[in-house]
Amino acid sequence: MAAKKQEKSSPKKRKQIPGNKPETNSSTSKKPKLLDSKPSNPRSTDFKKPSKPFKPREPGLDHEKQVPLSKREGRLRAKELAEARKKKRKRHYNLEQELAHLWEKMRQRNISKEDRSKLVSEAVEKMKGKIPEIASSHVSSRVLQTCIKYCSQAEKDAVFEELQPHLLTLACNTYAVHLVTKMLDNASKMQLAAFISSLRGHVASLLRHMVGSVVVEHAYQLGNATQKHELLVELYSTELQLFKDLVSKNEGRLLDIISKLDLQKSSVLRHMTSVIQPILEKGIIDHSIVHRVLIEYFTIAEQFSATDVIKQLSGPLLVRVIHTKDGSKVGMLCVKHGSSKERKKIIKGMKGHVHKIALDQGGSMVLVCLVSTVDDTKLTTKVVIHELQENLKDLVLDKNGRRPLLQLLHPNCSRYLTPDDLASLSLSIPSLSNKAGHDNSETKSSKVNNSGEEGSSDLELDEADMNAEDGLHSVEGGKKDPAIRRQELLVQSGLAEKLVDVCITSAGELLRSNFGKEVIYEVATGGAGGILHPSLDDKLSELYETIASLVAEPKSQESKEDSKEEHILENFHSSRTIRKLILDCPTFASTLWNKALKGECELWAHGHSGKVIAAFLESSDSKVNQLAKKELKKLIDGGILKMPDPKVATGKKE
């Protein structure tokens, strides 16, 4: 009892002594709310916890004079601060209500431009001086976005000037990010340049932020080549982050920058790894600036680093990467250099998205690489080929969707793939490239060239402990013969049969289409190497007869007014496709002559159709020449049919 009385009486004694000695056990003391400085009494732990949250511990401090306050003064000061906060919240609430009322009026569709301009000006005037705070609000930020959309340029500049010191903070705010991107869309060249300069030193940290990365990507897309380069080099090296003018915009490639500035490759690799790894771990990989950094990273990465990135990307994550030009290259490198397990993850990750991927420019090239590389044809057929079959006609008529189909029909044909596409297919990661000796390079190159793929003899050789079999797998896709892989994916999967059926049912539409004509041409000729023969000869004969029946339709004068109903021999695309088929497919030429053109050549001897008729005499097949020689010679002698210039009329198949 005596001890308890002593404990209770101790605060009274300590109250008389000024607290100028710090105690060792100060971790239990709490900083008073609403006060910024540390309490002057180190023995505040001896006091009981106040019953009200605003009651400060004795004694408090004056914020301005930094002198101790008595208990009474502390309570009064806390009460004043609470009242001030309450009034501020009330004013903010009232302002939000006023802005919301104006917003409902200004966003109506039937309002005149002058009335909307007045409402917008009134709202901007009310927000003046409070714009950074309003931009972070869930409700008011939408009002500000509408004002930016409809206000004058002078008002936009005023808003931008007030927001400029706070743009980096607002870039990471869930509600303000939409306003920031809208401000960048409406910014002048000088304002955009100023914002991009303000990002210096913060690009890596913002790319790791789910919201902030959107702003960096938006600025990257809006910037010119110099500004894009300015954002990129910061992610390459610490030196480039600190010193802005070390590199010029002409040195865009990372390897050129390293050689020009004599940077240590290992140091650059460590810095880029520290930038890329958090981004991959958080899954923030939708942005083109990240894809560009990954491509540059692969050019200097060691085997372990490159393999680790490929493992992280393999799976559903890769589907979010391949929609950009650089992302497509990243996807192809993952397919080419990934192990069989990683390739399976990539294919399974595409499940349910194959149709959308095929219609995308970058995604279609990843599918082209996939059907040319992966040996697991059963899994590829189950996931990729079956999903392609579901909407086959849409893919055939689409510029990008037809690419995987044409790759199977005629691999790596320069008519269907641009030089950039072919260069992307031949890309490789130097540290993971084939390490076989020079004595095997010719054999491997011949195998790849026979399949229609680019040779791999120029790939860099690395990693002494990698055996030849693993190296071959990482670059060329395994030991399976490319012809067998193509046969299994195209013919045995049933894709070729369904493709012929689509060509039969929609022959007229495909022949008149700028993109569909190429697919129907490859199908009708049997594909490169005659891959569709002899298993689909009956179906192909049916296709020939369908096209011949379209040609046999009577010529109508009214059809010239409507290009969609134009006769198949007078249409620009279809007439040229049929002409190529006559030159390259004797069976089709014979069917077409006997069923549609025999005795009707004089009617079709002019215009686009005249080139189709003349193709019978240009064919390299003697039987085709003999079919039409007698009838066409009369037209030529009579001056009705003109033979095209042989230098211009070259329709031979590549």
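Model, not experiment: these values are computed from the prediction. (Residues numbered from 1 in each chain as written. Predicted model: local features only at pLDDT ≥ 70, side-chain atom pairs only at ≥ 80, totals over all residues. Heavy atoms only, no water.)

Q: Looking at this model, I keep getting lost on the overall build of the protein chain. Mind explaining?
A: Broken down by element type, the protein chain carries 36 helices and 2 strands. For the protein chain, the proportion of its 654 residues judged to be buried stands at 47%. Partitioning the contacts of the protein chain with sequence separation of at least 6, the portion at a separation of at least 24 is 69%. Of the roughly 34,500 Å² of accessible surface on the protein chain, 50% is carried by carbon and sulfur atoms. (Helix = DSSP H or I, 4+ residues; strand = E, 2+ residues; numbered from the N terminus. Buried < 20%, exposed > 50% of the residue type's maximum accessible area, 1.4 Å probe, protein only. Contact = heavy atoms within 4.5 Å. Areas by Shrake-Rupley, 256 points an atom, 1.4 Å probe, with all protein chains shown as cover.)

Q: Help me understand the packing of helix H11 (residues 212–222) against helix H12 (residues 225–233) in this model?
A: Axis angle and axis distance: for two packed helices, these are the angle between their axes and the distance between the axes, and together they describe the pair. Contact geometry of H11 with H12 gives a least axis separation of 8 Å together with a crossing angle of 145°. For the pair H11 and H12, contact is made by Val 216, Ala 219, Tyr 220 and Gln 221 and by Lys 228, Leu 231 and Leu 232, respectively. When the residues that make up the contact of H11 with H12 are grouped by side-chain class, the tally is 5 nonpolar, 1 polar and 1 charged. (Axes fitted to C-alpha atoms, helices over the stretch in contact; angles between N-to-C directions. Nonpolar A, V, L, I, M, F, W, Y, C, P; charged D, E, K, R; others polar.)

Q: Hey, could you run me through unusual backbone geometry in this one?
A: Most peptide bonds take the trans configuration, and most residues that are not glycine carry a negative phi. Backbone torsion omega between His 533 and Pro 534 reads -5°, so that peptide bond is classified as cis. With respect to the helices, strands and loops of the structure, Pro 534 is situated in the loop between helix H31 (516–524) and helix H32 (537–551). At Asp 262, a position not held by glycine, the phi torsion is positive, near 60°. Tracing the backbone shows Asp 262 in the loop between helix H14 (254–261) and helix H15 (265–282). Looking at Asp 262, the relative accessible area reads 67%, which means it is exposed. For Asn 412, which is not glycine, the phi dihedral falls at a positive 50°.

Q: What is the right way to look at the pattern of salt bridges in this model?
A: When their charged atoms lie close together, side chains carrying opposite charge are able to pair. For the coordinates displayed, the defined rule picks out 14 salt bridges. For the salt bridge of Arg 320 with Asp 286, the shortest nitrogen-to-oxygen distance reads 2.7 Å. Pair noted here: Arg 320 is in the loop between helix H17 (303–313) and helix H18 (325–337) and Asp 286 is in the loop between H15 and helix H16 (288–300), with a separation of 34 residues, a long-range link. Judged by relative accessible area, which is 32%, Arg 320 ranks as partly exposed. The network of salt bridges with common partners includes Arg 253, Arg 292, Glu 296 and Asp 326. (Salt bridge = Lys/Arg side-chain N within 4 Å of Asp/Glu carboxyl O.)

Q: I'm lost on empty space enclosed by the protein in this one. Help?
A: Gaps left between atoms are located by rolling a probe of water-molecule size over the structure's atoms. Per the counting criterion, the structure on display carries 3 cavities of 30 Å³ or more. Its boundaries defined by the atoms lining it, the second largest cavity holds a volume of some 40 Å³. Taken together, Leu 207, Leu 235, Val 275, Ile 276, Ile 279, Val 290 and Val 293 make up the full set of residues lining the second largest cavity. Listing elements by their share of the lining of the second largest cavity, those giving two or more residues are H15 and H16. Considering every element that reaches the lining of the second largest cavity, the biggest residue donor is H15, with 3 residues. A per-class count over the lining of the second largest cavity returns 7 nonpolar, no polar and no charged. (1 Å grid on protein atoms, 1.4 Å probe; cavity = no way out; pocket = protein on both sides within 12 Å on 5 of 7 lines; lining within 4 Å. Points joined across faces, edges and corners; volume = space filled by probe spheres on them.)

Q: Just to check I follow, could you spell out helix H21 (residues 361–373) for this structure?
A: Three or four residues apart is the spacing at which side chains of an α-helix point the same way, because the helix has 3.6 residues per turn. Given a rise of 1.5 Å per residue, 13 residues ought to cover 18 Å, and the 19 Å separating the end C-alpha atoms of H21 matches this to within 8%. For H21, the full list of buried residues reads Gly 362, Gly 363, Ser 364, Met 365, Val 366, Leu 367, Val 368, Cys 369, Leu 370, Val 371, Ser 372 and Thr 373. Here H21 starts with a cap whose side-chain oxygen sits 3.1 Å from the backbone nitrogen of Gly 362, and that cap is Asp 360. (Expected span 1.5 Å × (residues − 1). Polar contact = N/O pair within 3.5 Å; in protein donor to acceptor, adjacent residues only side chain to side chain.)

Q: What is the right way to look at the packing of aromatic side chains in this model?
A: Each aromatic ring pair is summarised here by two numbers: the centre-to-centre distance and the angle between the ring planes. Under the definition given, this model contains 2 aromatic pairs. On the basis of an interplanar angle of 65° and a centroid distance of 5.7 Å, the ring pair of Tyr 544 and Phe 588 is categorised as edge-to-face. Taken together, the positions of Tyr 544 in helix H32 and Phe 588 in helix H34 (residues 586–597) put the pair 44 residues apart, joining distant regions of the chain. Across this residue pair, the class does not change: Tyr 544 and Phe 588 are buried. Over the ring of Trp 103 we find Arg 107, and its NZ or CZ is 4.2 Å from the ring centre. Geometry around Tyr 150 places Arg 116 over its ring, the cationic atom sitting 4.3 Å from the centre. (Phe/Tyr/Trp six-rings, centres within 6.5 Å; stacked < 30°, edge-to-face > 60°. Lys NZ or Arg CZ within 6 Å of the ring centre and 35° of its normal.)

Q: Can you walk me through the UniProt feature "repeat: Pumilio" (unreviewed entry) in the protein chain in this structure?
A: When the UniProt feature table is mapped to this numbering, "repeat: Pumilio" (unreviewed entry) covers residues 126–161, 162–197 and 198–234. The span residues 126–161 is 75% helix and 0% strand, and its two end C-alpha atoms sit 16 Å from each other. Secondary structure content for residues 198–234 is 70% helix and 0% strand, and the end C-alpha separation is 13 Å. (UniProt positions renumbered as here; feature names shortened; annotations may be inferred.)

Q: Teacher, can you tell me more about the environment of Leu 388 here?
A: Among the secondary structure elements, Leu 388 is positioned in helix H22 (residues 377–390). With relative accessibility at 2%, the residue Leu 388 sits in the buried group. Leu 388 sits 107 residues away from Leu 495 along the chain, and the two C-alpha atoms are 8.4 Å apart.

Q: Help me understand the packing of helix H33 (residues 572–584) against H34 in this model?
A: Following both chains from N to C, one finds H33 and H34 inclined at 115°, their axes separated by 6 Å at the closest point. In this structure, H33 meets H34 at a crossing whose hand is left-handed. Of H34, the residues touching H33 (which contributes Ile 578, Leu 581, Ile 582 and Asp 584) are Pro 586, Phe 588, Ala 589 and Leu 592. Residue composition of the contact of H33 with H34, grouped by class: 7 nonpolar, no polar and 1 charged. (Left-handed = near helix turned anticlockwise from the far one by under 90°.)

Q: What is the right way to read a positive patch on the surface from this model?
A: Taken together, the side chains of Lys 344, Lys 348, Lys 351 and Lys 382 make up a positively charged region of the molecular surface. Among the secondary structure elements, Lys 348 is positioned in helix H19 (residues 340–349). (Patch = residues over 30% accessible without salt bridge, like charges linked within 9 Å, V, L, I, M, F, W, Y side chains within 5 Å. Lys, Arg positive; Asp, Glu negative; His and termini not counted. Charge placed at Lys NZ, Arg CZ, Asp CG, Glu CD.)

Q: I keep staring at helix H3 (residues 113–127) and nothing clicks. Help me out?
A: In this model H3 runs 21 Å from its N-terminal to its C-terminal C-alpha over 15 residues, within 8% of the 21 Å that 1.5 Å per residue would give. Immediately beyond the C-terminal end of H3, within one or two residues, lies Gly 129, with a positive phi of roughly 90°.

Q: Would you take a moment to explain the confidence of the model for the protein chain for this structure?
A: When pLDDT drops low, the exact placement of atoms in the prediction is not to be read closely. For the protein chain, mean pLDDT is 80; residues scoring 70 or higher make up 76% of the total. With pLDDT under 50 throughout, residues 435–476 is counted as low confidence; its partners more than four residues away or in other chains account for 66 contacts. (pLDDT = per-residue confidence, 0-100.)

Q: I would appreciate a short explanation of the environment of Ile 613 in the present structure.
A: Relative to the helices and strands, Ile 613 is located in helix H35 (residues 608–618). The buried category is assigned to Ile 613, whose relative accessible area is 0%. As for Ile 613 and Glu 600, which are separated by 13 residues in sequence, their C-alpha atoms are 9.8 Å apart. Dropping the residues within four chain positions of it, Ile 613 is found in contact with Leu 597, Cys 601, Trp 604, Leu 632 and Leu 641.

Q: I'm lost on the side chain of Asn 625 in this one. Help?
A: Here Asn 625 lies in helix H36 (residues 622–637). Not counting residues up to four positions away in its chain, the partners in contact with Asn 625 are Phe 616, Leu 617, Glu 618 and Ser 619.

Q: In this structure, what is going on with the environment of Leu 102? I would like to understand it.
A: Along the polypeptide, Leu 102 turns up in helix H2 (residues 71–106). The class for Leu 102 is buried, based on a relative accessible area of 5%. Sequence separation of Leu 102 and Leu 119 is 17 residues, and the distance between their C-alpha atoms is 6.4 Å. Excluding its chain neighbours within four sequence positions, the residues that come into contact with Leu 102 are Leu 119, Glu 122, Ala 123 and Lys 126.

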